[in-house]
Amino acid sequence: MQALSENGRLDAPAERNAPIGVFDSGVGGLTVVREIMRQIPEEPIVYFGDTARVPYGGKSRETILRYSRQIIRFLKTQHVKAIVVACNTASAFALEEIRQELDLPIIGVVLPGARVAGEVTKNGRIGVIGTKGTIHSGLYREVILNEHPTYEVFGKACPLFAPLVEEHLLDDSVTFEMARRYLKELQECDIDTLVLGCTHYPLLRSTIGQVMGDKVTLVNPAYETAIELRQLLRDHRLSFAGEPLREKYQFFVSDDPATFREFADTILPCPTDRTRQICIDGF
Ligand code: DGL
């Protein structure tokens with residue numbers, strides 16, 4: 001028997017079993033996809049990586065909003081049931097406006113990351129690292145201080161981290177040196193919690209952890225986002241309820257799929273050989 005939803009309508013199984021749309025400026029959002037795959041493995045996903053226009057981190061709010069709207073129009077052609085803005089910069093700049101325009105549940109990575117940082121800190125001193133856009137938007141600080149007005153939040157933009165990750169220099173001495181330089185300021189702020197506020201940074205967890213030392217807890221917003229996504233789907237009665245699908249994951253990019261796949265294959269547990277390129281400008 002089909003369940004009645006809160007507004008008295010029959011739940012539509014087709015809608016529940018539709019994919020979740022996830023997007024990012026490029027490959028970084030795959031760290032969020034990886035968490036969703038781990039925590040809610042039954043859910044189908046359509047991922048879009050804007051590899052032709054990456055990076056978003058130094059672009060203006062207007063540009064990010066325009067890009068995000070185009071991507072959402074594309075994801076809607078894939079009949080997604082909910083949207084995850086896996087990019088911190090797009091979550092910081094565009095999520096609130098998009099939410100008001102959209103008729104689907106949507107979640108970004110900033111709020112879940114900020115919430116958990118506020119819960120984990122013991123001394124109320126939290127660091128946030130991210131792109132220039134994310135740090136200058138001040139959204140992590142705003143969300144944390146909203147809940148905990150007496151806390152102190154210290155932001156630091158680390159624009160070279162993302163390209164270092166994309167060059168696969170995860171454990172390289174150059175990356176370690178950049179981490180030492182970028183994080184010096186935060187080390188002097190006596191923080192006990194550091195938010196990895198950019199999609200790429202969870203892949204630098206070990207380097208960042210070594211530099212900050214084991215007294216600082218690193219928060220990965222991707223992990224919390226997957227937890228909140230599961231709850232969001234439940235709240236909207238949109239959790240997958242069908243037979244396990246054979247082709248659960250689809251990947252789209254705006255530039256050459258080969259480069260995307262090379263990176264994706266190092267972090268995802270599933271094949272990405274059917275990644276397709278689309279022209280996002282047309283949306
Ligand atoms: N995905 C972006 C973010 O999380 C990082 C890469 C970029 O600058 O586009 O902010």
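Residues numbered from 1 in each chain as written. Predicted model: local features only at pLDDT ≥ 70, side-chain atom pairs only at ≥ 80, totals over all residues. Heavy atoms only, no water.

### Comments concerning the sheet that holds strand S9 (residues 249-253)
Read from one edge of the open sheet, six strands run S4-S3-S1-S2-S9-S10, paired in parallel fashion. Each edge of the open sheet carries a strand with a single partner, namely strand S4 (106-108) and strand S10 (276-277). Where helix H2 (residues 30-39) meets the sheet, it contacts strand S1 (20-24), strand S2 (45-49), strand S3 (82-85) and S9, and its direction lies at approximately 170 degrees from that of S2. In the packing of helix H11 (residues 221-235) onto the sheet, the strands contacted are S1, S3 and S4, and the crossing angle to S4 comes to about 165 degrees. (Pairing = 2+ DSSP bridges. Helix = DSSP H or I, 4+ residues; strand = E, 2+ residues; numbered from the N terminus. Contact = heavy atoms within 4.5 Å. Axes fitted to C-alpha atoms, helices over the stretch in contact; angles between N-to-C directions.)

### Here's the deal with the site of the ligand
The immediate surroundings of the ligand are formed by 13 residues, with Asp-24, Ser-25, Tyr-56, Gly-57 and Thr-89 found nearest. Here an oxygen atom of the ligand sits 2.7 Å away from a polar atom, N or O, in the main chain of Tyr-56. Asn-88 places a main-chain nitrogen or oxygen 3.0 Å from an oxygen atom of the ligand. For the ligand, the protein covers 97% of the area, taking 290 Å² as the surface of the free molecule. Classifying every residue of the shell around the ligand gives five nonpolar, seven polar and one charged. (Near = heavy atom within 4 Å. Polar contact = N/O pair within 3.5 Å; in protein donor to acceptor, adjacent residues only side chain to side chain. Areas by Shrake-Rupley, 256 points an atom, 1.4 Å probe, with all protein chains shown as cover. Nonpolar A, V, L, I, M, F, W, Y, C, P; charged D, E, K, R; others polar.)

### Things to note about empty space enclosed by the protein
Summed over the entire model, instances satisfying the criterion amount to one cavity of 30 Å³ or more. Of the pockets and cavities examined, the largest cavity occupies roughly 50 Å³. Taken together, Thr-31, Val-32, Ala-86, Asn-88, Val-109, Leu-196, Cys-198, Thr-199, Pro-202, Asn-220, Pro-221 and Ala-222 make up the lining of the largest cavity. Mapped by element, the contributors of at least two residues to the lining of the largest cavity are H2 and H11. (1 Å grid on protein atoms, 1.4 Å probe; cavity = no way out; pocket = protein on both sides within 12 Å on 5 of 7 lines; lining within 4 Å. Points joined across faces, edges and corners; volume = space filled by probe spheres on them.)

### Concerning the pattern of salt bridges
The tally for this structure, following the rule as stated, stands at 15 salt bridges. With its nearest N and O atoms 2.7 Å apart, the salt bridge here joins Glu-35 to Arg-38. With Glu-35 and Arg-38 both in helix H2, this residue pair falls three residues apart, about one helical turn. Each of the salt bridges in this network shares a partner with another, and the network as a whole consists of Asp-50, Arg-53 and Asp-281. (Salt bridge = Lys/Arg side-chain N within 4 Å of Asp/Glu carboxyl O.)

### Concerning the state of the cysteines
Counted under the stated rule, the structure contains zero disulfides. Just so you know, Cys-87 is unpaired, no disulfide at all, and the nearest cysteine sulfur is the one on Cys-198, 7.4 Å from it. Considering cysteine sulfurs only, Cys-198 is the nearest to Cys-158, which forms no disulfide, with 8.8 Å between them. Residue classification places Cys-158 among the buried positions, given a relative accessible area of 1%. (Disulfide = S-S within 2.5 Å. Buried < 20%, exposed > 50% of the residue type's maximum accessible area, 1.4 Å probe, protein only.)

### Thoughts on the sheet that holds strand S6 (residues 152-157)
Ordered by their spatial adjacency, four strands build an open sheet running S6-S5-S7-S8, and the pairing between neighbours is parallel. One side of each edge strand has no neighbouring strand; the edge strands of this open sheet are S6 and strand S8 (217-219). Neighbour-to-neighbour, the strand axes of this sheet turn through a mean angle of 25 degrees, independent of strand direction. Strand direction decides the pairing type here: strand S5 (residues 125-130) and S6, joined by six bridges, are parallel. Bridge pairing in S6 links Gly-127 to Phe-154. The sheet strands contacting helix H5 (residues 110-120) are S5, strand S7 (193-196) and S8, and the helix crosses S8 at an angle near 160 degrees. Sheet strands touched by helix H10 (residues 205-212): S5, S7 and S8. Its angle to S7, the strand with the most contacts, is close to 155 degrees.

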